[in-house]
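# Structure at a glance
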Amino acid sequence: MGLAIADVSGKGIPAALLMAGFRMSLLAEIRNEYAIRAVMRKVNQLLHESTERDRFVTAFYGVLDWRNSMLIFSNAGHNPPMLLRADGTGEELSEGGVALGVLEDTHYEERPVALHPGDVLVM
């Protein structure tokens, strides 16, 4: 299952159009590519080509693998989701890269996280 949360710079119609462009780019790239870091890199390139320099998108995108109890994610400058462990510990999911659309050629990290019964993901 894919999980995504994002925010755009600005307000009003320009921001709404940027979010629509991000959403369509993300959906299109997910269909073409399975590696999360590659999806983020391509979406970044598409946004950089099509938006003004003062516009950007922060986004968290992950794939939840229920069978193997894993979450693989990349965070592009978004407020980090929190993974609250059943044992009371917590961690921010911040690995990834800069906000989308800011730099022309950016590489994004992806990170797998094992999930255990009782863990809670707060986005």
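As a reminder, the structure under discussion sits directly above these lines.
A brief structural summary. What you see is a predicted model, and the numbers here were worked out from it, not measured in a lab. (Residues numbered from 1 in each chain as written. Predicted model: local features only at pLDDT ≥ 70, side-chain atom pairs only at ≥ 80, totals over all residues. Heavy atoms only, no water.)

Each helix and strand in the chain was counted, giving 2 helices and 8 strands. Helices and strands in the chain line up, N terminus first, as β-α-α-β-β-β-β-β-β-β. Taken over C-alpha atoms, the radius of gyration comes to 15 Å for the chain, in line with the 14 Å a tight globule of 123 residues would show. Along the first, second and third principal axes, the C-alpha set of the chain runs to 45 × 30 × 20 Å. Per-residue burial over the chain gives 34% buried out of 123 residues. A fraction of 60% describes how many contacts in the chain between residues 6 or more apart in sequence connect residues 24 or more apart. About 7,200 Å² of surface is accessible on the chain, with carbon and sulfur atoms providing 56% of the total. Of the charged side chains in the chain, 11 are positive and 16 negative, and the gap between their average positions amounts to 5 Å. (Helix = DSSP H or I, 4+ residues; strand = E, 2+ residues; numbered from the N terminus. Rg over C-alpha atoms; globule rule 2.2 N^0.38 Å. Buried < 20%, exposed > 50% of the residue type's maximum accessible area, 1.4 Å probe, protein only. Contact = heavy atoms within 4.5 Å. Areas by Shrake-Rupley, 256 points an atom, 1.4 Å probe, with all protein chains shown as cover. Lys, Arg positive; Asp, Glu negative; His and termini not counted. Charge placed at Lys NZ, Arg CZ, Asp CG, Glu CD.)

Moving on, we get to the sheet that holds strand β5 (residues 90-92). Sheet architecture is open: 3 strands sit in the order β5-β4-β8, paired in antiparallel fashion. If you trace the sheet from one side to the other, it starts and ends with β5 and β8 (120-122), each paired once. On average, each strand axis in the sheet is inclined to that of its neighbour by 20 degrees, with strand direction left out of account. As paired elements, strand β4 (residues 82-84) and β5 share 3 bridges and run antiparallel to each other. Paired with Met82 across the bridge in β5 is Glu92. (Pairing = 2+ DSSP bridges. Axes fitted to C-alpha atoms, helices over the stretch in contact; angles between N-to-C directions.)

Turning to the packing of helix α1 (residues 12-32) against helix α2 (residues 36-50), a few remarks are in order. Where α1 meets α2, the axes come as close as 9 Å, and the angle between the chain directions of the two elements is 140 degrees. Comparing their axes, α2 and α1 come out oblique. Viewed along their axes, α1 and α2 form a crossing whose handedness is right-handed. Contacts from Leu18, Phe22, Ser25, Leu26, Glu29 and Ile30 of α1 reach α2 at Val39, Lys42, Val43, Leu46 and Leu47. (Parallel < 35°, antiparallel > 145°, perpendicular 65-115°, else oblique. Left-handed = near helix turned anticlockwise from the far one by under 90°.)

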